[in-house]
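Read off the chains here:
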Amino acid sequence: MSRLREMARQGATAAGPVVAVDTDDILAPDRFGWWNDMVGDEVMPVAIQSPHANRFRGRVESVGLPRSQVAAFDFSPLTARRSPAHIRRQDPEDYFLLLVRESAIRLEQARNVACLGPGDMALFSSSQPLTCDFLDRGGPVRLTLLRLTRALLPLADRRADRMLAEPLPHKSGSGALLGPYLTSLSAAARTSGPAELARLGSIGVDLAVSLLSARLGDQGLPPVETHRTALLARISAFIDHHLTDPALGPAAIAAHHHVSVRTLHQLFQGEPESVAATIRRRRLERCRADLTEPCLRHRTIGETALRWGFRHPADFSRAFRRAYGLSPSEVRATLR
């Protein structure tokens, strides 16, 4: 059992696939050592040093996905080094895509050096020695890691290794989508069922592959598939941001993304459900979450349905019962 899961079992915050732990739950003298061991379990074995070791603080929130893992870290500045001895002892053969949320990071690997600031992204590997300086800027370091197993990257001949410790484009294309995805995934995962969580995980992997392939000149992924992946990710984000709009539907989505309705439906032919079914399912999931939230008890079922884009209460009730086998009022009654 990983240290995160062990902590969750002992009382740390856990909500489905999301597990959060904080060093405040650890005795002060043990916090720095615990953090070092946790990083070894959840990322890869490294040696860390910090001028803040005696007053170290850290927090990690991890989202377990079927094909990958996303973890958000907040911690006191430190230096991490992975030596050949660490690699010989344990090498998961993973890549990690790093997003800097706050502070500055100096990443060194494969004879490359990247100096990263907020919003920057870079790739590093568990299979080569690494030095990472998380610089002290008067506040905690905040970063997010996306774990990518070697098998997930369709880049032959270790072409991904060419990009280690190099800044990746993050202001356009797939990079502009991947950053917001990584920072918002945890909140989305808390209200997602297993099927949607799998789709969310696939979106992250596809965006990362698209970004890395574009950085290599699309050698690792067919250009058509790169475009389809990015467009589907934009559409998925658009749907999530407009669920409260009763006018949200295939026509509005197609118009916003400058494609025909026919093209939109063709895009979704390779997905588990149609675009209309996706909208309906996500709306129902938001309604169910609101109906089971004690602090929203004052809101009527009709108001909840209208808030999430259902124009007609009767249609909402029928769709809700088909999806969950219970009526909205029966679900609301579980709060009592």
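What counts and how
Residues numbered from 1 in each chain as written. Predicted model: local features only at pLDDT ≥ 70, side-chain atom pairs only at ≥ 80, totals over all residues. Heavy atoms only, no water. Phe/Tyr/Trp six-rings, centres within 6.5 Å; stacked < 30°, edge-to-face > 60°. Helix = DSSP H or I, 4+ residues; strand = E, 2+ residues; numbered from the N terminus. Buried < 20%, exposed > 50% of the residue type's maximum accessible area, 1.4 Å probe, protein only. Pairing = 2+ DSSP bridges.

## Concerning the packing of aromatic side chains
Thinking step 1. Counting across every chain of the model gives ten aromatic pairs.
Thinking step 2. Judged by centre distance (5.3 Å) and plane angle (70 degrees), the rings of F32 and F56 are edge-to-face. Taken together, the positions of F32 in helix α2 (residues 31-42) and F56 in the loop between β3 (47-49) and β4 (58-64) put the pair 24 residues apart, joining distant regions of the chain. For the pair formed by F32 and F56, the shared burial category is buried.
Thinking step 3. Ring centres 5.2 Å apart and planes at 15 degrees place the aromatic pair F96 and F124 in the stacked group. Within this pair, whereas F96 is found in strand β7 (residues 94-102), its partner F124 is found in strand β10 (residues 121-125), the two being separated by 28 residues in sequence.
Thinking step 4. By relative accessible area, F96 is classed as buried at 2%.
Thinking step 5. Taken together, the ring pairs in this structure connect F32, W34, W35, F56, F73, F75 and F134 into an aromatic cluster.

## Some details on the pairing of strand β12 (residues 141-149)
Thinking step 1. Most of β12 is tucked away, with seven of its nine residues classed as buried.
Thinking step 2. Sheet topology places strand β5 (residues 69-75) next to β12; seven bridges connect them, and they run antiparallel. Of the residues in β12, the one forming a bridge with F73 is L143.
Thinking step 3. Sheet topology note: the β7/β12 ladder contains eight bridges and is antiparallel. By the bridge assignment, L99 is partnered in β12 with T144.

## Focus: unusual backbone geometry
Thinking step 1. Positive phi values are uncommon outside glycine, yet A110 reaches one of about 55 degrees.
Thinking step 2. Locating A110 in the fold gives a position in the loop between β8 (104-109) and β9 (112-116).
Thinking step 3. The phi angle at H258 is positive, at roughly 60 degrees, despite the residue not being glycine.
Thinking step 4. If you trace the backbone, H258 turns up in the loop between α7 (250-256) and α8 (261-267).
Thinking step 5. Residue classification places H258 among the exposed positions, given a relative accessible area of 75%.

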